[in-house]
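Below, each chain spelled out in residue letters.
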Amino acid sequence: MTIPGQETFYEQVGGRATFEKLVRAFYEGVRQDPGLWYMYPQHDLEGAVQRLTGFLEQYWGGPTTYSETRGHPRLRMRHAAFKVNPDARDRWLKHMRAALDTMEMSPMHEATLWDYLDRAAHSLVNTFEP
Ligand code: HEM
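Residues numbered from 1 in each chain as written. Predicted model: local features only at pLDDT ≥ 70, side-chain atom pairs only at ≥ 80, totals over all residues. Heavy atoms only, no water.

Concerning the site of the ligand
Next up, step 1: Around the ligand, a shell composed of 23 residues is seen, among which Arg51, Tyr66, Arg70, His79 and Trp92 lie nearest.
Next up, step 2: Arg70 is positioned with one of its side-chain polar atoms (N or O) 2.7 Å from an oxygen atom of the ligand.
Next up, step 3: Contact between the ligand and Trp92: a nitrogen atom at 3.4 Å from a side-chain N or O atom of the residue.
Next up, step 4: When residues of the shell around the ligand are traced back to their parent elements, those giving at least two are helix 4 (45-59), helix 5 (65-70), helix 6 (75-79), helix 7 (86-101) and helix 8 (107-123). (Near = heavy atom within 4 Å. Polar contact = N/O pair within 3.5 Å; in protein donor to acceptor, adjacent residues only side chain to side chain. Helix = DSSP H or I, 4+ residues; strand = E, 2+ residues; numbered from the N terminus.)

Structure, rendered in structure tokens:
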């Protein structure tokens, strides 16, 4: 949400550089987790970095490049191709938590971002098959 004359969350946390740093740290963890990494495009890690960074910067009030290039996010639909069971969700969240811990964000921004990521990850579970 943008209040006229006030900075967006995106700007408050430092813009694209902050989101890209977070996502790169996240994928460093994912890459070392065979239980999660197998789902990801093995030869297009950079593409995955750009897609998740672009989505997050747009969500938090930054440029809308993500939707201009990828269309409407439709996250549940885009994840339908992957087996997102509670184990995958917990791995995803573990790497995101570790990535967030490498950032120097104010406690309020960090809590706001984490709350969103945690809820989003829970909403994307699409199977309970092991
Ligand atoms: C719950 C566990 C999750 C799993 C196992 C998972 C898995 C994946 C995989 C395998 C991809 C394909 C990588 C690529 O080619 O870009 C992907 C893409 C993506 N994920 Fe997730 N994801 C999870 C949670 C989330 C959450 C919580 C968000 C958002 C807050 C998210 C946002 C995205 C976005 C934006 C893309 C790129 C979509 C596109 O434009 O094609 N994911 N995810």
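Re the coordination of the iron atom of the ligand
Next up, step 1: Counting protein donors to the iron atom of the ligand gives just one, His79 (NE2), placed at 2.0 Å.
Next up, step 2: Following the sequence through the fold, His79 ends up in helix 6. (Donors = N, O, S within 2.8 Å, 3.2 Å for Na, K, Ca; no water.)

Quick look at the side chain of Asp33
Next up, step 1: Structurally, Asp33 is set in the loop between helix 2 (16-31) and helix 3 (34-37).
Next up, step 2: Once residues within four sequence positions are removed from consideration, Asp33 is found in contact with Arg91 and His95. (Contact = heavy atoms within 4.5 Å.)

Looking at the packing of aromatic side chains
Next up, step 1: Taken as a whole and judged by the stated rule, the model has 11 aromatic pairs.
Next up, step 2: When the ring of Trp60 is compared with that of Tyr116, the centres are 5.6 Å apart and the planes differ by 90 degrees; the resulting orientation is edge-to-face. On the criterion of sequence distance, the pair formed by Trp60 in the loop between helix 4 and helix 5 and Tyr116 in helix 8 is long-range, its members being 56 residues apart.
Next up, step 3: Overall, Trp60 belongs to the buried group, its relative accessible area being 13%.
Next up, step 4: Positioned above the aromatic ring of Trp114 is the side chain of Arg97, whose terminal nitrogen or guanidinium carbon lies 4.9 Å from the ring centre. (Phe/Tyr/Trp six-rings, centres within 6.5 Å; stacked < 30°, edge-to-face > 60°. Buried < 20%, exposed > 50% of the residue type's maximum accessible area, 1.4 Å probe, protein only. Lys NZ or Arg CZ within 6 Å of the ring centre and 35° of its normal.)

Concerning helix 7
Next up, step 1: For helix 7, spanning 16 residues, the distance from its first C-alpha to its last is 22 Å, which sits close to the expected 22 Å at 1.5 Å a residue.
Next up, step 2: Taken residue by residue, helix 7 has Ala88, Arg89, Trp92, Leu93, His95, Met96, Ala99 and Leu100 as its buried positions. One side of helix 7 carries all its buried residues, which in axial view fall inside an arc of 165 degrees. Facing away from the buried side of helix 7 by over 90 degrees, the exposed positions are Lys94 and Asp101.
Next up, step 3: At its buried positions, helix 7 is contacted by helix 2, helix 3, helix 4 and helix 8. (Expected span 1.5 Å × (residues − 1). Arc of directions from axis to C-beta.)

Focus on helix 8
Next up, step 1: Taking 1.5 Å per residue as the helical rise, helix 8 with its 17 residues ought to reach 24 Å, and the 24 Å between its terminal C-alpha atoms agrees with that figure.
Next up, step 2: Turning to helix 8, its buried residues are His109, Leu113, Trp114, Tyr116, Leu117, Ala120 and Ala121. In an axial view of helix 8, the angular spread of the buried residues amounts to 165 degrees, which keeps them on one side of the axis. Facing away from the buried surface of helix 8 by more than 90 degrees, the exposed residues are Pro107, Met108 and Arg119.
Next up, step 3: The elements touched by buried residues of helix 8 are helix 1 (9-12), helix 2, helix 4 and helix 7.

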